[in-house]
Amino acid sequence: MRLVIACLLGLRSVIPRAIALRADRYEGILMKHARGFMMLAGGALLLLLAGNPVLASDSHSSKDKQEALYPNATRVAPKIDLTEKDQKPLNAGLEALNNGDKAKAQQLLQGVVDSSKSKYAQSKALQGLGNLQYENGDIKGAIVTIQKSLAIGILPNDDYFQIEYMLAVLQLNDEEYQPALDTVTKWRAEGKRETAESYALEGNADYRLGKYPEAIAAIKKAQSLTDKPEASWNQILMASYAESGQGDQAAQAAQQAYAASPNDPEALNNVVAVLIQAQKNSEAIQIMEKARANGTLKTESNYVNLAKLYLIEGQSMDDSKPNALKAIQVLDEGTSKGVITSSSDNEMLFGQAYEMSDDTGKAIDAYSKASATAKDGEAAVRAGQLLLSENKYSQAKSMLEQGIGKGVKQKGAAYMQLAESEVGLKNKSAAIAALKQAEQQPDTAERARARLKEVSASK
């Protein structure tokens, strides 16, 4: 008896979504950069003011110009209006921030913003307050404060553009995707600087906005600008390919990433996901079998998904038994290692594999075990159908009634099977009652009426 398995507990629908979800992790990486930019800018001020304040202006020597982070910026750097009177409370506030004394930092920096006549001191104090808000988890507040700092317009170019880039990072993390794009575009145009990270940020924002071709172009640009691209960039690239219907390109990108990091479980999950999305199940199986052979197939989902792939592939073959036996082998190995736990879903999968391998006895046992903890009656009905095929009418009736009671998707078919169990037990009235229930279901109404006539006419 060939078991029809539509999606095997949602394999095709669940795994591809994982690609997009993993892209979310990139925002956490971005926030690490955001904190780095904030602390760098604050620390740089302390160093600059330790010497001659003139050093904080853009009046650089040729050597200074070469060392500037934004030597080709189109923005004309303003003169710094900082006096020794403004410098002392500003330094004290930033030093308190760097030392983790938030209350003192808040008081001192807010005092600079409220009372200092130096626009430069106000701008740097706002930057420090923005950092404090970020540390306290107030990203929206940090965005507003950083925007105020930039709007004053008095910062040297290196500080100004570092903070502007940080603003784009914060906006992306706060799901302000279009503002993040606008900010990084302005940063790149005025700062005249291209970095891999900035294009990765752009690609992430484009992906979130559903601009998949733009996201692909941006991520590929990011990857071209560094020898060590972040793995998360490739996740966005794969997700963008997948969402735009370019399954082959998504698979190619995933395979390249996996080839570069064959021991990375995330790279394995990604490549399997996109191969399934592209309906390249055989290739997904080959990769997972290599991982199983070298010991990198470690999680329950890995083992379960490999078994499901074998069963899905087996359905398209004239003889599904070899694939079913491979699925059983995978499940047995995972169970023996303690990776696969006993659950209704896993026992149901065992039952499907045994049924496709024509081992009806073990299939019935697995389905019965699954039914004990299952929330619905699918496993019980499946066990009942197999028991009926072996003319074990009393046991079949018990399982079918149990399954119908817990709820099944194909209620009409279950009642048809229950009726046959009653016929086998020579319970004519009970068989008729079951068939009348099947008659009420659209998918079995016609068959139930025909069978009802036969049973009613029998002696």
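Just so it is clear, the model here is predicted, and its values are computed rather than measured.

Enquirer: How would you summarise the overall build of the protein chain if you had to cite specific residues and measurements?
Expert: A count of helices and strands for the protein chain gives 24 helices and 0 strands. The burial tally for the protein chain puts 49% of its 459 residues in the buried class. Partitioning the intrachain contacts of the protein chain with sequence separation of at least 6 by distance along the chain shows that 60% fall at a separation of at least 24. For the protein chain, the accessible area works out to roughly 21900 Å², and carbon and sulfur atoms hold 49% of it.

Enquirer: So, the nonpolar core: which residues are in play, and what are the values?
Expert: Counting residues in each nonpolar core, the largest one holds 67 residues, and the members touching the most others are Y258, L268, V271, L297, L306 and L311. Here L297 is in contact with L268, M288, A291, R292, N302, Y303 and L306, once residues within four sequence places are set aside. Listed in part, the 42 residues of the second largest apolar core include L94, A105, L132 and Y165.

Enquirer: Lay out helix α14 (residues 265–277) with the relevant residues and their values.
Expert: Compared with the 18 Å implied by 1.5 Å per residue over 13 residues, the 18 Å span of α14 between its first and last C-alpha is a close match. Listing the buried residues of α14 in full gives A267, L268, N270, V271, V272, A273, V274, L275 and I276. Of the residues one or two after α14, Q279 is the one with positive phi, at around 60 degrees.

Enquirer: Quick one: what's the story with the side chain of N323, residue by residue and with numbers?
Expert: With respect to the secondary-structure elements, N323 resides in helix α17 (residues 321–336). Note on N323: relative accessible area 7%, which makes it buried. Once residues lying within four places of it in the same chain are set aside, the contact partners of N323 are Y310, E313, G314 and M317.

Enquirer: Give a description of the packing of α14 against helix α15 (residues 281–293) that names residues and reports values.
Expert: Packing of α14 against α15 leaves a shortest axis separation of 8 Å and a crossing angle of 160 degrees. As judged from the angle between their axes, α14 and α15 are roughly antiparallel. Here α14 and α15 pass one another in a crossing that is left-handed. Residues L268, V271, V272, L275 and I276 of α14 form the contact with α15, whose own contacting residues are N281, E283, A284, I287, M288 and A291. Of the residues belonging to the contact of α14 with α15, the class tally is 9 nonpolar, 1 polar and 1 charged.

Enquirer: Give a description of the pattern of salt bridges that names residues and reports values.
Expert: Scanning all chains against the criterion turns up 17 salt bridges. For K221, the salt bridge goes to E194, with nearest N and O atoms at 3.9 Å. Residue K221 is found in helix α11 (residues 212–224), and its partner E194 is found in the loop between α9 (177–191) and α10 (196–208); the two are separated by 27 residues along the sequence. Relative accessible area serves as the criterion here: at 46%, E194 is assigned to the partly exposed category. K392 is paired through a salt bridge with E390; the nearest N and O atoms lie 3.5 Å apart.

Enquirer: Explain the environment of K228 to me, using residue names and the numbers behind them.
Expert: Mapped onto the elements, K228 comes out in the loop between α11 and α12 (231–243). In the structure, K228 is positioned 32 residues away from A196 in sequence and 9.7 Å away in space, judged by C-alpha atoms.

Enquirer: Could you give an account of helix α23 (residues 428–439), naming the residues involved and the relevant values?
Expert: Taking 1.5 Å as the rise per residue, α23 with 12 residues should run 16 Å; its terminal C-alpha atoms sit 16 Å apart, in good agreement. On its buried face, α23 is in contact with α22 (411–424) and α24 (445–457).

Enquirer: So what about the packing of α10 against α11? Which residues, and what values?
Expert: Direction vectors running N to C along α10 and α11 enclose 165 degrees, while the axes themselves pass 8 Å from each other. Considering the angle they form, α10 stands roughly antiparallel to α11. The interaxial crossing formed by α10 with α11 has left-handed handedness. On α11, the residues that touch A196, Y199, A200, E202, G203, N204, D206 and Y207 of α10 are Y212, E214, A215, A218, I219, K221 and A222. Class assignment of the residues belonging to the contact of α10 with α11 gives a composition of 9 nonpolar, 2 polar and 4 charged.

Enquirer: So, the packing of aromatic side chains: which residues are in play, and what are the values?
Expert: In this description, an aromatic ring pair is defined by two values, namely the gap between the centres and the angle between the planes. Inspection of every chain in the model, using the stated rule, returns 6 aromatic pairs. Ring centres 5.2 Å apart and planes at 90 degrees place the aromatic pair Y160 and F161 in the edge-to-face group. Grouping residues by exposure puts Y160 and F161 together as buried. One aromatic cluster is present, built from ring pairs that chain together Y70, Y160, F161, Y165 and W187.

Enquirer: Which residues make up unusual backbone geometry, and what values do they have?
Expert: The backbone phi angle of K192 is positive, close to 55 degrees, even though this residue is not glycine. Its location among the elements puts K192 in the loop between α9 and α10. If you check the backbone angles, Q279 has positive phi at about 60 degrees while not being a glycine. Among the structural elements, Q279 can be located in the loop between α14 and α15.

Enquirer: Got a sec to walk through the confidence of the model for the protein chain? Specific residues and values, please.
Expert: Per-residue confidence for the protein chain gives a mean pLDDT of 86; residues scoring 70 or more make up 86%. In this model residues 1–66 is a low-confidence stretch, pLDDT under 50, and it forms 133 contacts with partners more than four residues away in sequence or in other chains.

Enquirer: Describe the environment of E289, naming the residues involved and giving the relevant values.
Expert: On the secondary structure map, E289 appears in helix α15. The spacing of E289 and V330 is 41 residues in sequence and 9.6 Å in space, taken between C-alpha atoms. Not counting chain neighbours up to four residues away, the residues in contact with E289 comprise L306, Y310 and V330.

What counts and what doesn't
- Residues numbered from 1 in each chain as written.
- Predicted model: local features only at pLDDT ≥ 70, side-chain atom pairs only at ≥ 80, totals over all residues.
- Heavy atoms only, no water.
- Helix = DSSP H or I, 4+ residues; strand = E, 2+ residues; numbered from the N terminus.
- Buried < 20%, exposed > 50% of the residue type's maximum accessible area, 1.4 Å probe, protein only.
- Contact = heavy atoms within 4.5 Å.
- Areas by Shrake-Rupley, 256 points an atom, 1.4 Å probe, with all protein chains shown as cover.
- Core = buried A, V, L, I, M, F, W, Y, C linked by side-chain atoms within 4.5 Å.
- Expected span 1.5 Å × (residues − 1).
- Axes fitted to C-alpha atoms, helices over the stretch in contact; angles between N-to-C directions.
- Parallel < 35°, antiparallel > 145°, perpendicular 65-115°, else oblique.
- Left-handed = near helix turned anticlockwise from the far one by under 90°.
- Nonpolar A, V, L, I, M, F, W, Y, C, P; charged D, E, K, R; others polar.
- Salt bridge = Lys/Arg side-chain N within 4 Å of Asp/Glu carboxyl O.
- Phe/Tyr/Trp six-rings, centres within 6.5 Å; stacked < 30°, edge-to-face > 60°.
- pLDDT = per-residue confidence, 0-100.

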